[in-house]
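Letter by letter, the chains look like this.
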Amino acid sequence: MIWPRNSCLRLLLLLYILFSCQLGSAYDIVRDYSGSTFFDRWNFFGNWDNLTLGDVWWLSKADAFAQGLTYVNSAGNAIMKVDNMHNVVSGQKRNSVRITSQDIYDVGSLWIIDLKHIPFGCSVWPAFWTKGYQDQWPVGGEIDIIEAINLMPNNQMALHTTPGCNHVPEAQQYQSGATTQTDCSLSSGCTVLELKENSLYTGLAAAGGGVWATQFDVSGIFIWFWSRPNVPASISATTASTGVDLSDWGPPSASYPATSCNIPEYFSAQNLVLDITLCGQWAGLSNLYFPSCGSGTGTCYADSVVGPGSNFNDAYFEISYIRAYTTGAPAPTPNALVSISTSAPTGLPTSLLAPSKPTASSLFFPGSAEGRQANMMLAIAAILLVGFFNLWL
Ligand SMILES: *[C@@H]1O[C@H](CO)[C@@H](O)[C@H](O)[C@H]1NC(C)=O
């Protein structure tokens, strides 16, 4: 009389255990950049912006800290900013910061950045992006996760590659953003405009910040954005040492499926980059600068960079954390982190090649497809278990 009830309870318990396995992490954490150690594992550029020809001098680490352009604030968030304290005379550049991760991350990685504030203002061009760690650009690829100029209200995402990697029009229906360029080898890259509100400008901070996640997978590259009120519970619940699950993320803002871009062919292991430049080859283009910022004197530089620093009071990142994850691999141990510094060009600092075990299970919604597959397997296991218990009893 008691036994069947007991077995039912046992069965429920077993099912509960089985289904709670599904809540386990799809991705294991491999690196947390946050708080007082945020700036520990980055290289500072230490030269003027000779890349986009912006009107900034990207300081060395020592100078950036000495001048207060990088620090950790009382809330424990990392601040990285443009100099807003000094007058710049014509001919000089303004000080700013560009940092590149010493760690590199291969296909099979996922990155999450949580921002409280994003730089904006006339001439301001912030970016959080990744680039192939040792190749001659654009060999090795580039993933632009956050990029904006001047007073743009909506973030723009992009991939940059050598010819042959495209953003298929069909991908449009699997993303919430708007595809604006499909050939990733064009100078603009294959761009997708964020359509969700408060991804940039004053809106981001006003909403309490926002979170971006980027999945760098053999099945494609997928970028999500959530304004603070919409950040999924699976992400809000993460800590510096826990993994993360994609099953409640919904469709990405930008979806670049591998069907029209063979990811490992166009993308090598990536460095993360965070920088702020001024004017240069995008923000400084007169057809883009003048409509949003207006002026009398004639150039982005003369109008915005020269003069007092007050134009740059909002030109700062406030970063709660950047975290890097890897899929399918066992929990990270020092042994699981493969140093590639021996095969890398000289000068490459201690580096981390996140173990890659890409999933081939999915095309457009890797997270949810994985989730569906896991659900199906669990359902089959549950049916078998029920059958087994019925026979046994
Ligand atoms: C730009 O500056 C960096 C850092 O000093 C240097 O390594 C690189 O060679 C320069 N690139 C160009 C194109 O001048």
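Here's what I pulled together on the structure shown here. (Residues numbered from 1 in each chain as written. Predicted model: local features only at pLDDT ≥ 70, side-chain atom pairs only at ≥ 80, totals over all residues. Heavy atoms only, no water.)

Considerations on the state of the cysteines
(1) Moving on: All told, the structure shown has four disulfides when counted by the stated rule.
(2) Moving on: For Cys184, the disulfide goes to Cys190, at an S-S distance of 2.0 Å. Handedness here is read from the sign of the S-S torsion; for Cys184 and Cys190, about 90°, the answer is right-handed.
(3) Moving on: With a relative accessible area of 1%, Cys184 lands in the buried category.
(4) Moving on: With a sulfur-sulfur separation of 2.0 Å, Cys279 is cross-linked through a disulfide to Cys300. Handedness here is read from the sign of the S-S torsion; for Cys279 and Cys300, about -90°, the answer is left-handed. Taken together, the residues Cys279 in the loop between strand S18 (270-278) and helix H6 (280-283) and Cys300 in helix H8 (residues 300-305) connect sequence positions 21 residues apart. (Disulfide = S-S within 2.5 Å. Buried < 20%, exposed > 50% of the residue type's maximum accessible area, 1.4 Å probe, protein only. Helix = DSSP H or I, 4+ residues; strand = E, 2+ residues; numbered from the N terminus.)

Points about the site of the ligand
(1) Moving on: Around the ligand, a shell composed of Phe45, Asn47 and Asn50 is seen.
(2) Moving on: The side chain of Asn47 places a nitrogen or oxygen atom 2.9 Å from an oxygen atom of the ligand.
(3) Moving on: Asn50 has a polar side-chain atom sitting 2.3 Å from an oxygen atom of the ligand.
(4) Moving on: In the complex, 37% of the free accessible area of the ligand, which totals 360 Å², lies under the protein chains. (Near = heavy atom within 4 Å. Polar contact = N/O pair within 3.5 Å; in protein donor to acceptor, adjacent residues only side chain to side chain. Areas by Shrake-Rupley, 256 points an atom, 1.4 Å probe, with all protein chains shown as cover.)

What about the pattern of salt bridges?
(1) Moving on: Here the structure, examined in full by the defined rule, presents five salt bridges.
(2) Moving on: The salt bridge involving Arg31 is made with Asp103; its shortest N-O contact spans 3.1 Å. With Arg31 in strand S1 (residues 27-34) and Asp103 in strand S8 (residues 98-105), this pair connects stretches of sequence that are 72 residues apart. The same class applies to Arg31 and to Asp103, which are both buried.
(3) Moving on: A salt bridge links Asp103 to Arg41; its shortest N-O distance comes to 2.6 Å. Of this pair, Asp103 sits in strand S8 while Arg41 sits in the loop between S1 and strand S2 (42-44); the two residues are 62 residues apart in sequence, bridging distant segments of the chain. (Salt bridge = Lys/Arg side-chain N within 4 Å of Asp/Glu carboxyl O.)

Section: the environment of Ser247
(1) Moving on: With respect to the element layout, Ser247 can be found in the loop between helix H4 (233-236) and strand S17 (254-257).
(2) Moving on: Note: C-alpha distance between Ser247 and Ser234 (13 residues apart in sequence) is 8.2 Å.

Considering the pairing of strand S10 (residues 124-132)
(1) Moving on: Counting buried residues in S10 gives nine out of nine residues, a clear majority hidden from the surface.
(2) Moving on: Looking at chain direction, S10 and S18 are connected through nine bridges and run antiparallel. Across the sheet, Ala127 pairs through a bridge with Asp275, a residue of S18.
(3) Moving on: Here S10 pairs with strand S11 (residues 142-147) via five bridges, running antiparallel. (Pairing = 2+ DSSP bridges.)

Digging into the packing of aromatic side chains
(1) Moving on: With the rule as written, the count across this model stands at 17 aromatic pairs.
(2) Moving on: A ring pair is formed by Phe120 and Tyr201, whose centres lie 4.9 Å apart and whose planes are at 70°; its orientation type is edge-to-face. A residue pair is termed long-range when its members are at least 10 positions apart, and Phe120 in the loop between strand S9 (109-117) and S10 and Tyr201 in helix H3 (residues 201-206) qualify at 81 residues.
(3) Moving on: Aromatic side chains Phe222 and Trp224 sit 6.5 Å apart centroid to centroid with 50° between the ring planes, which places their arrangement in the tilted category. Comparing Phe222 with Trp224, the two get one shared label, buried. (Phe/Tyr/Trp six-rings, centres within 6.5 Å; stacked < 30°, edge-to-face > 60°.)

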